[in-house]
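Next come the chains, spelled out residue by residue.
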Amino acid sequence: MEHIHSERLILRPWAADDAAAFVRINADPRVTEFLLGPLSQAQTEEFIATQNAQYAAHGTCLFAATLKESEELLGFIGVRRQTFDVPFAPCWEAAWRLAAPHWGRGYAGEGARAVLRYGFDQLGMEEVVAFTVPQNLRSRRVMEKLGMRRDPVSDFAHPALAPDHPLSRHVLYRIAGRDMPPQI
């Protein structure tokens, strides 16, 4: 199975023994502030199985992100196929979720640059999108540092949530392979 390496990270398919650490990461309310809440053990196992199935089908997924020096699971960073009911889908979606103690160290951007380069160069993706709720300024900054551009015309209400849900509204960012600088 493919591993994507950056300076400090290894992005890899998920192992069954990653579940306990990922449950702990998702139990932190800071991590799930802009999500529907923590993932249970069963939801985590389903997430892992889904990501590994995405990897088997497409060569990419929301990879387990680990530190090279310690192999500690930080969370996930990756690109997955997104097919939900929005005008810009089907599409490739970049996403990340890291344990709060590792925020502010550049890991999300470092890993996302590596996986975007892999998607564009190895898998032939032409465009990748990312989205979040407008209030999630940390993720929006990562998107902007990656060179992604906001597409306000394509902002949307998440189809899995009621339109009046506080987390329903999402902002959309895009990047094309031709817009990625060659060094990343």
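See above for the structure.
Residues numbered from 1 in each chain as written. Predicted model: local features only at pLDDT ≥ 70, side-chain atom pairs only at ≥ 80, totals over all residues. Heavy atoms only, no water.

**So, the pattern of salt bridges**
Phase 1 of the analysis: In the structure shown here, the tally under the stated rule is nine salt bridges.
Phase 2 of the analysis: Ionic pairing is found between Asp 151 and Arg 174, a salt bridge with its closest N-O pair at 2.6 Å. Of this pair, Asp 151 sits in the loop between strand S7 (149–150) and strand S8 (156–157) while Arg 174 sits in strand S9 (residues 169–176), and the two are 23 residues apart along the sequence.
Phase 3 of the analysis: Classification of Asp 151 by relative accessible area gives buried; the value is 17%.
Phase 4 of the analysis: The structure contains a network of salt bridges with shared partners spanning Glu 127, Asp 151 and Arg 174. (Salt bridge = Lys/Arg side-chain N within 4 Å of Asp/Glu carboxyl O. Helix = DSSP H or I, 4+ residues; strand = E, 2+ residues; numbered from the N terminus. Buried < 20%, exposed > 50% of the residue type's maximum accessible area, 1.4 Å probe, protein only.)

**Description of the pairing of S9**
Phase 1 of the analysis: The buried fraction of S9 is high, at six of eight residues.
Phase 2 of the analysis: With six bridges connecting them, strand S6 (residues 127–132) and S9 associate as antiparallel partners. Bridging across to S9, Thr 132 finds its partner in Val 171.
Phase 3 of the analysis: The sheet contact formed by S7 and S9 spans two bridges and is antiparallel. Opposite Arg 149, over in S9, you have Arg 174 as the bridge partner.
Phase 4 of the analysis: The pairing of S8 with S9 spans two bridges and is classified as antiparallel. For Ala 157, the partnering residue across the bridge sits in S9 and is Arg 169. (Pairing = 2+ DSSP bridges.)

**A few points about the packing of aromatic side chains**
Phase 1 of the analysis: Enumeration according to the criterion identifies twelve aromatic pairs in this entry.
Phase 2 of the analysis: With 6.3 Å between their ring centres and 55° between their planes, Phe 88 and Phe 131 make a pair best called tilted. Residue Phe 88 is found in the loop between strand S4 (73–82) and strand S5 (91–98), and its partner Phe 131 is found in strand S6; the two are separated by 43 residues along the sequence. With respect to burial, Phe 88 and Phe 131 carry one shared label: buried.
Phase 3 of the analysis: Looking at Arg 81, its charged tip hangs above the ring of Trp 92, at a distance of 4.8 Å from the centre. (Phe/Tyr/Trp six-rings, centres within 6.5 Å; stacked < 30°, edge-to-face > 60°. Lys NZ or Arg CZ within 6 Å of the ring centre and 35° of its normal.)

**A look at helix H1 (residues 19–26)**
Phase 1 of the analysis: Along H1, the residues that are buried comprise Ala 19, Ala 21, Phe 22, Ile 25 and Asn 26. Buried residues of H1, viewed axially, fall in a sector of 160°; they line one side.
Phase 2 of the analysis: Those residues of H1 that are buried lie in contact with helix H2 (41–58), S4 and S5. (Arc of directions from axis to C-beta. Contact = heavy atoms within 4.5 Å.)

**Things to note about H2**
Phase 1 of the analysis: Here H2 is 18 residues long and its end C-alpha atoms lie 25 Å apart, about the 26 Å a rise of 1.5 Å per residue gives.
Phase 2 of the analysis: Listing the buried residues of H2 in full gives Thr 44, Phe 47, Ile 48, Gln 51, Asn 52, Gln 54 and Tyr 55. One side of H2 holds all its buried residues, which, seen down the axis, span an arc of 150°. Residues Ala 42, Glu 46, Ala 56 and Ala 57 are exposed on H2 and point more than 90 degrees away from its buried face.
Phase 3 of the analysis: For H2, the elements touching its buried residues are H1, strand S3 (62–67) and S4. (Expected span 1.5 Å × (residues − 1).)

**Here's the deal with the environment of Ala 53**
Phase 1 of the analysis: Residue position: Ala 53 is located in helix H2.
Phase 2 of the analysis: According to the relative accessible area criterion, Ala 53 is partly exposed, its value standing at 45%.
Phase 3 of the analysis: Ala 53 sits 21 residues away from Thr 32 along the chain, and the two C-alpha atoms are 24 Å apart.

**Here's the deal with the pairing of S5**
Phase 1 of the analysis: Of all the eight residues making up S5, eight are buried; the element is thus mostly covered by neighbouring parts of the structure.
Phase 2 of the analysis: Side-chain alternation along S5 places Cys 91, Glu 93, Ala 95 and Arg 97 on one buried face and Trp 92, Ala 94, Trp 96 and Leu 98 on a second face that is also buried.

**What to know about the side chain of Thr 44**
Phase 1 of the analysis: Position of Thr 44 among the secondary structure elements: in helix H2.
Phase 2 of the analysis: Those residues in contact with Thr 44, other than ones at most four positions away along the chain, are Ala 19, Phe 22, Val 23 and Leu 39.

**Quick notes on the environment of Ser 168**
Phase 1 of the analysis: Among the structural elements, Ser 168 can be located in the loop between S8 and S9.
Phase 2 of the analysis: Using a relative accessible area of 1% as the deciding quantity, one classes Ser 168 as buried.
Phase 3 of the analysis: Separated by 36 residues in the primary sequence, Ser 168 and Thr 132 have C-alpha atoms spaced 9.5 Å apart.
Phase 4 of the analysis: Aside from chain neighbours lying at most four places away, what touches Ser 168 is Phe 156, Ala 157, His 158, Leu 161, Ala 162 and Pro 163.

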